[in-house]
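Examining the three-dimensional arrangement
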There are 2 protein chains.
Amino acid sequence: MAVEAQAGKTDTRARLVEAARGLFLKQGYAATGIAQILKEADARSGSLYYFFPTKEDLLLAVLEQYKELLWPLVIQPVFDRVSDPMERIFGVLDGYRRMLLMTECAQGCPIGNLALEVAESHPAARTLIAENFDGWKQAIEQCLDDLDGRLPADVDRKSLASFVLTVMEGGIMQARAYRDSAPFEQGVAQLRDYFDRILDDGSNWSKG
Amino acid sequence: MAVEAQAGKTDTRARLVEAARGLFLKQGYAATGIAQILKEADARSGSLYYFFPTKEDLLLAVLEQYKELLWPLVIQPVFDRVSDPMERIFGVLDGYRRMLLMTECAQGCPIGNLALEVAESHPAARTLIAENFDGWKQAIEQCLDDLDGRLPADVDRKSLASFVLTVMEGGIMQARAYRDSAPFEQGVAQLRDYFDRILDDGSNWSKG
DNA sequence: GACCCTCTTGATCGGTCGCTCAACACAGGG
DNA sequence: CCCTGTGTTGAGCGACCGATCAAGAGGGTC
């Protein structure tokens, strides 16, 4: 019994979203033409506009897919490999470092790119971008909660999770501007230093 | 004696750069058409292409102007108002917060926007973006140097200045994605907390 | 006045943009 | 066999893209 078609009737829609996702990531939204997406997906314009009334709807589908891929592709693999909550946070960050290295700092966070490019002009996309950030921060927040007593009670976990995202996105931006992963890595190191200073480890450190 | 022309012979070039600067900031580089720039600058296409062989050359001129405007517009006003090196750093950051508030979080850091949009596809622009970041970080680094003894000797000032930029850019990105300045403000607050923990103030704090 | 140089004008180029639509393929159900 | 519903095809739309260029305006100099 051969594996035949999936649940859906056609995979054209999926191919279009996949192609658009890759091209938006590499080139940005405005710089990517419909024709290029069609070529990459091996589809014809009529098919695209059958599934997506406008180019923006395709963008929304891409952002929806990012939401769906966040846990299975970004979070879960790290959580499976690492159990310590603190190391899970830095494991996720290390995943982005590896992407930077693999692409020679050409590609960064797809959500971050789109956040700055389309947030203002495409309100619906902006909402989905915010939801992507929310999902990411919730994963970090869960790690912070799992730290239990190690994190002082007066620390605002949501705010700290937001800070982790801030450092990641800012670090990636610099890495891309300099084509060098060092600014990202330094930022992560400073973030770890900050965590070390916050954490109640039951230990007093004396430096030097 | 009326004030007549400036040193240069014409201001058309300056008007074009100014118009392009504003539009690239609001809409991004790819999303801004030449025709729109011409309309905004009240110029004709021949004039533009007399000064700038291509659209990318206009982008480079915009980035050069940002380099020139950094100190007089962003750094110096804060340094004139504030003398304490630490407060100078957070004074600069507060300038960006005010921009976010004024624009309802629609506009962020012009360099950051372009960094993510054109860094990969326009190498010459990427270099100028990096130079803009360098200039910004040098201002912060100067503040760190001016802290003298308050900063432990083993702290890497370049790395810390880079971290300030990272937090700023990451914070602005989230502010724009959420159309809310809170993530930026929280990030800056965490950064201040980090500084407080790093600084040798000659004081021991016991919390609570 | 003749000449040059800087800068401006605006029609126009070929190409690409996002998008439309009538026609058609094809499987499932009656 | 026909009908319907779900996709697919590809020619082609008007608009706009970035860019070109011959012509000329206007000031400075001799």
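This write-up is about the structure you can find in this document. (Residues numbered from 1 in each chain as written. Chains lettered and ligands numbered in written order. Predicted model: local features only at pLDDT ≥ 70, side-chain atom pairs only at ≥ 80, totals over all residues. Heavy atoms only, no water.)

**Some points on the protein's contact with DNA strand D**
Around DNA strand D, the surrounding shell holds 18 residues, and the nearest of these are Thr10 and Thr12 of chain A together with Ile34, Ser45 and Lys55 of chain B. For DNA strand D, the backbone makes up 65% of the atoms found within 4 Å of the protein, where backbone means sugar plus phosphate. The backbone of glycine 46 of chain A places a nitrogen or oxygen atom 3.1 Å from a base oxygen of DNA strand D. Tyrosine 50 of chain A places a side-chain nitrogen or oxygen 3.5 Å from a sugar or linking oxygen of DNA strand D. Counting residues per element, the ones that place at least two in the surface near DNA strand D are helix 3 (45–51) of chain A together with helix 2 (34–41) and helix 3 (45–51) of chain B. The element contributing the most residues to the surface near DNA strand D is helix 3 of chain A, with five residues. Along the lines of polarity and charge, the residues of the surface near DNA strand D split into five nonpolar, 10 polar and three charged. (Near = heavy atom within 4 Å. Polar contact = N/O pair within 3.5 Å; in protein donor to acceptor, adjacent residues only side chain to side chain. Helix = DSSP H or I, 4+ residues; strand = E, 2+ residues; numbered from the N terminus. Nonpolar A, V, L, I, M, F, W, Y, C, P; charged D, E, K, R; others polar.)

**Looking at unusual backbone geometry**
The backbone of aspartate 148 of chain A sits at a positive phi, close to 50 degrees, despite the residue not being glycine. Topologically, aspartate 148 of chain A is positioned in the loop between helix 7 (123–146) and helix 8 (157–178). Aspartate 148 of chain A gets classed as exposed once you look at its relative accessible area, which sits at 56%. In this structure, aspartate 42 of chain B takes a positive phi of about 50 degrees despite not being glycine. Along the polypeptide, aspartate 42 of chain B turns up in the loop between helix 2 and helix 3. (Buried < 20%, exposed > 50% of the residue type's maximum accessible area, 1.4 Å probe, protein only.)

**Comments concerning the side chain of arginine 21 of chain B**
Residue and element names in this part refer to chain B. In this fold, arginine 21 is placed in helix 1 (residues 12–27). Residue classification places arginine 21 among the buried residues on the basis of a relative accessible area of 18%. Beyond its immediate sequence surroundings of up to four residues, arginine 21 is in contact with Val62, Gln65, Tyr66 and Leu69. (Contact = heavy atoms within 4.5 Å.)

**Topic: the layout of surface pockets**
Residues and elements named next belong to chain B. Of the voids in this model, the second largest pocket is the one considered here, and its volume is about 710 Å³. As for the second largest pocket, its lining consists of 29 residues, and the residues nearest its centre are Leu73, Val74, Gly95, Tyr96 and Met99. Taken together, the residues of the lining of the second largest pocket break down into 19 nonpolar, five polar and five charged. (1 Å grid on protein atoms, 1.4 Å probe; cavity = no way out; pocket = protein on both sides within 12 Å on 5 of 7 lines; lining within 4 Å. Points joined across faces, edges and corners; volume = space filled by probe spheres on them.)

**Comments concerning the interface of chain A and chain B**
Contacts between chain A and chain B engage 44 residues on the former and 44 residues on the latter. Across the chain A/chain B interface, buried area totals approximately 4100 Å², and carbon plus sulfur atoms make up 54% of it. Of all residues in chain A, the largest losses of buried area upon contact with chain B belong to Leu116, Glu120 and Met173 of chain A, amounting jointly to 17% of the total for that side. Across the chain A-chain B interface, the total number found is zero salt bridges. For the side of chain A that touches chain B, the leading source of residues is helix 8 of chain A, giving 15 residues. Here the side of chain A that touches chain B is composed, by residue class, of 21 nonpolar, 11 polar and 12 charged. (Buried area = accessible area lost by both parts, 1.4 Å probe. Salt bridge = Lys/Arg side-chain N within 4 Å of Asp/Glu carboxyl O.)

**Focus: empty space enclosed by the protein**
Summed over the entire model, instances satisfying the criterion amount to two cavities of 30 Å³ or more. Considering only enclosed or pocket space, the largest cavity measures out at about 210 Å³ in volume. Along its surface, the largest cavity is lined by 24 residues, and Asn113 and Glu117 of chain A together with Asn113, Leu116 and Glu117 of chain B are the ones closest to its centre. Within the residue set of the lining of the largest cavity, elements represented by two or more residues are helix 1 (12–27) and helix 6 (110–118) of chain A together with helix 1 and helix 6 (110–118) of chain B. Its residues assigned to classes, the lining of the largest cavity comprises eight nonpolar, eight polar and eight charged. Mapped onto the lining of the second largest cavity, the elements with two or more residues apiece are helix 1, helix 4 (55–81) and helix 6 of chain A. Grouping the constituent residues of the lining of the second largest cavity by class yields six nonpolar, one polar and one charged.

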